[in-house]
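The residues making up each chain are set out below.
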Amino acid sequence: MARRCEICGKGVASGFQISHSHIRTKRKWKPNLQRVRAVVNGSPKRILVCTRCLRSGKVQRAI
């Protein structure tokens, strides 16, 4: 399963971790994804959503 928000498309970003002595090693920034029950096309469905979309109200939660 891809680590990607199903609302905004936010995914894993990559780059370098730089130490004090400037040694560079590869690292990843993973989005904070939550599995929630949301209303999609009128029916409840489990989707992976980032917390930014949850907080901003882009997702209608199912009860």
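Refer to the structure above for everything that follows.
Visitor: What exactly am I supposed to notice about the overall build of the chain here?
Guide: In terms of helices and strands, the chain carries one helix and four strands. Element order for the chain, N to C, with α for helix and β for strand: β-β-β-β-α. Rg of the C-alpha trace for the chain: 16 Å, well past the compact-globule value of 11 Å for 63 residues, more than 25% over. By principal-axis analysis of the C-alpha atoms, the chain measures approximately 55 × 25 × 15 Å. Expressed as a percentage of the 63 residues in the chain, the buried residues total 21%. Taking the intrachain contacts of the chain between residues at least 6 apart in sequence as the baseline, contacts between residues at least 24 apart amount to 29%. When the accessible surface of the chain is totalled, it reaches about 5,100 Å², and 47% of it is carbon and sulfur.

Visitor: Explain the environment of C8 to me, please; I cannot follow it from the model alone.
Guide: Considering the arrangement of structural elements, one finds C8 in the segment before strand 1 (13-18). For C8, a relative accessible area of 39% gives the class partly exposed. Considering only alpha carbons, one finds C8 and W29, 21 residues apart in sequence, at a separation of 16 Å.

Visitor: I keep staring at the nonpolar core and nothing clicks. Help me out?
Guide: The tendency in soluble globular proteins is for nonpolar side chains to be buried as a group. Of all hydrophobic cores here, the largest spans ten residues; its members are C5, L33, V36, A38, I47, L48, V49, C50, C53 and V59. Looking at this core, the elements with two or more residues in it are strand 3 (33-40) and strand 4 (43-50). Residue contributions to this core peak at four residues, all from strand 4.

Visitor: Can you help me understand the packing of aromatic side chains in this one?
Guide: Here the distance between the centres and the angle between the planes together describe a pair of aromatic rings. The final tally for this structure, using the stated rule, is zero aromatic pairs. The ring of F16 is capped by R24, whose NZ or CZ atom sits 4.1 Å from the centre of that ring. Geometry around F16 places K26 over its ring, the cationic atom sitting 5.1 Å from the centre.

Quick notes on the rules
Residues numbered from 1 in each chain as written. Predicted model: local features only at pLDDT ≥ 70, side-chain atom pairs only at ≥ 80, totals over all residues. Heavy atoms only, no water. Helix = DSSP H or I, 4+ residues; strand = E, 2+ residues; numbered from the N terminus. Rg over C-alpha atoms; globule rule 2.2 N^0.38 Å. Buried < 20%, exposed > 50% of the residue type's maximum accessible area, 1.4 Å probe, protein only. Contact = heavy atoms within 4.5 Å. Areas by Shrake-Rupley, 256 points an atom, 1.4 Å probe, with all protein chains shown as cover. Core = buried A, V, L, I, M, F, W, Y, C linked by side-chain atoms within 4.5 Å. Phe/Tyr/Trp six-rings, centres within 6.5 Å; stacked < 30°, edge-to-face > 60°. Lys NZ or Arg CZ within 6 Å of the ring centre and 35° of its normal.

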